[in-house]
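# Structural overview for review
Read off the chains here:
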Amino acid sequence: MTNPVLNFLALALYLSVGILLALHLLRGRSIGGGAKIGIFSLGCGAIVLHGVLLYTGLRLESGLNLALTPAFSLVAWIIAVLYLITSLSRPVDNLGVIIMPMASLTVLVDWLWPGQMSIPLTSRIQAAHIVISFLAYGLLSLSAVQSLMLLLQERHLRHRQPGGFIRALPPMQMMEDIMFQMIGIGFVLLTLTLISGVFFSDELFGKPLKFTHHIVLAVVAWIVYAILLVGRWRLGWRGRNAIHWTLAGFVLLVLGYFGSKFVLEVLLHRPG
């Protein structure tokens, strides 16, 4: 949707949340009380406006618009929604320093360079496949942001610099536990996505399953996350080892979906 007022307001609210969270983080303060309620309210306003933009921009007469920029914006919106929901019960407020500005960037990109690629919705199975796949991307993206925070925290502690924003972060053990909870749920959703894609390929896409770059990279990402979860369960993986495996799986997912779409739609000018 090209409504400049809604786009500008969504951008402003996302950036406001990111800036307010950054100010608290830089002062080494955890967020609570009235400040948390105010920031949460601003975040809710941002995702509502972003949701309106997506609702009007993704709907086409011939199906669902999942071109590169609308899909990018949709994933960012899902991540922002999951972040706000998680922040109600888990100490993950600090993740908004990355998530909210990134969401504002996707709004801007979709506003300035709106793409269009229609995917016909022919069945409930297809709709369920799309919803589950985007939820999987959203949760695993959230776990990747959490791993980046863990990496920063680990580096500061390793160099014996516990001051600054590190004081506002929860203990590393708690942050790791939350990260693995996100990965566990995201892994289940990614598994369902791959299974539905394999068994219902004809119904979902109107053609038999083909091992494209997207599918191969998604399967490799699934293997990476599976190894990570087994390593955590059997060998107690944590720290940098767990962080690197988390980021490796996330990079593979991004390359598999958005990398493939970028090459096809932007470089080759073909439907993604």
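This text goes with the structure placed above it.
About the cut-offs
Residues numbered from 1 in each chain as written. Predicted model: local features only at pLDDT ≥ 70, side-chain atom pairs only at ≥ 80, totals over all residues. Heavy atoms only, no water. Helix = DSSP H or I, 4+ residues; strand = E, 2+ residues; numbered from the N terminus. Polar contact = N/O pair within 3.5 Å; in protein donor to acceptor, adjacent residues only side chain to side chain. Contact = heavy atoms within 4.5 Å. Core = buried A, V, L, I, M, F, W, Y, C linked by side-chain atoms within 4.5 Å. Buried < 20%, exposed > 50% of the residue type's maximum accessible area, 1.4 Å probe, protein only. Axes fitted to C-alpha atoms, helices over the stretch in contact; angles between N-to-C directions. Parallel < 35°, antiparallel > 145°, perpendicular 65-115°, else oblique. Left-handed = near helix turned anticlockwise from the far one by under 90°. Nonpolar A, V, L, I, M, F, W, Y, C, P; charged D, E, K, R; others polar. 1 Å grid on protein atoms, 1.4 Å probe; cavity = no way out; pocket = protein on both sides within 12 Å on 5 of 7 lines; lining within 4 Å. Points joined across faces, edges and corners; volume = space filled by probe spheres on them. Expected span 1.5 Å × (residues − 1). Patch = residues over 30% accessible without salt bridge, like charges linked within 9 Å, V, L, I, M, F, W, Y side chains within 5 Å. Areas by Shrake-Rupley, 256 points an atom, 1.4 Å probe, with all protein chains shown as cover. Salt bridge = Lys/Arg side-chain N within 4 Å of Asp/Glu carboxyl O.

Attention now goes to the side chain of H50. Along the polypeptide, H50 turns up in helix α2 (residues 33-58). Within the local environment of H50, its side chain forms a polar contact with the side chain of S73, the two groups lying 2.7 Å apart. Contacts of H50, omitting those with residues within four sequence positions, involve A10, Y14, S73, W77, A103, T106 and V107.

Y83, L95 and I99 are the most contacted members of the largest nonpolar core, which totals 76 residues. Listing elements by their share of this core, those giving two or more residues are α1 (4-26), α2, α3 (68-87), α4 (96-112), α5 (124-158), α6 (172-199), α8 (213-235) and α9 (239-267). The contact partners of Y83, leaving out residues within four places of it in the chain, are L21, V92, D93, L95, G96, I99, M100 and L142.

α4 packs onto α1 with a crossing angle of 160° between their chain directions and a minimal axis gap of 8 Å. One way to sum up the angle between α1 and α4 is to call them roughly antiparallel. α1 and α4 meet at a crossing whose hand is left-handed. Facing P4, N7, F8, A10, L11, Y14, L15, V17, G18, L21, A22 and L25 of α1, the residues of α4 in contact are G96, V97, M100, P101, A103, S104, V107, L108 and W111. Looking at the contact of α1 with α4 residue by residue, the classes come out as 17 nonpolar, four polar and no charged.

Further remarks concern the layout of surface pockets. Considered as a void within the structure, the second largest pocket measures approximately 390 Å³ in volume. For the second largest pocket, the lining is made up of 19 residues, of which F72, I79, M102, S141 and F250 are closest to its centre. Secondary-structure elements contributing two or more residues to the lining of the second largest pocket are α3, α4, α5 and α9. Each residue belonging to the lining of the second largest pocket can be placed in one class, and the counts come to 17 nonpolar, two polar and no charged.

A separate point is α8. Spanning 23 residues, α8 covers 32 Å between terminal C-alpha atoms, matching the ideal 33 Å at 1.5 Å per step. G236 sits one or two residues past α8 and shows a positive phi near 70°.

On the surface, a nonpolar cluster with roughly 480 Å² of combined accessible area is contributed by M102, L105, L108, L112 and W113. Here L108 lies in helix α4. When its relative accessible area of 31% is taken as the criterion, L108 is described as partly exposed.

Looking now at empty space enclosed by the protein. Considering all chains together, one arrives at two cavities of 30 Å³ or more under this definition. The calculated volume of the largest cavity comes to roughly 80 Å³. V17, L21, I31, K36, I39, F40, Y83, L84, S87, D93 and M100 together form the lining of the largest cavity. Of all elements in the fold, only α1, α2 and α3 reach the threshold of two or more residues within the lining of the largest cavity.

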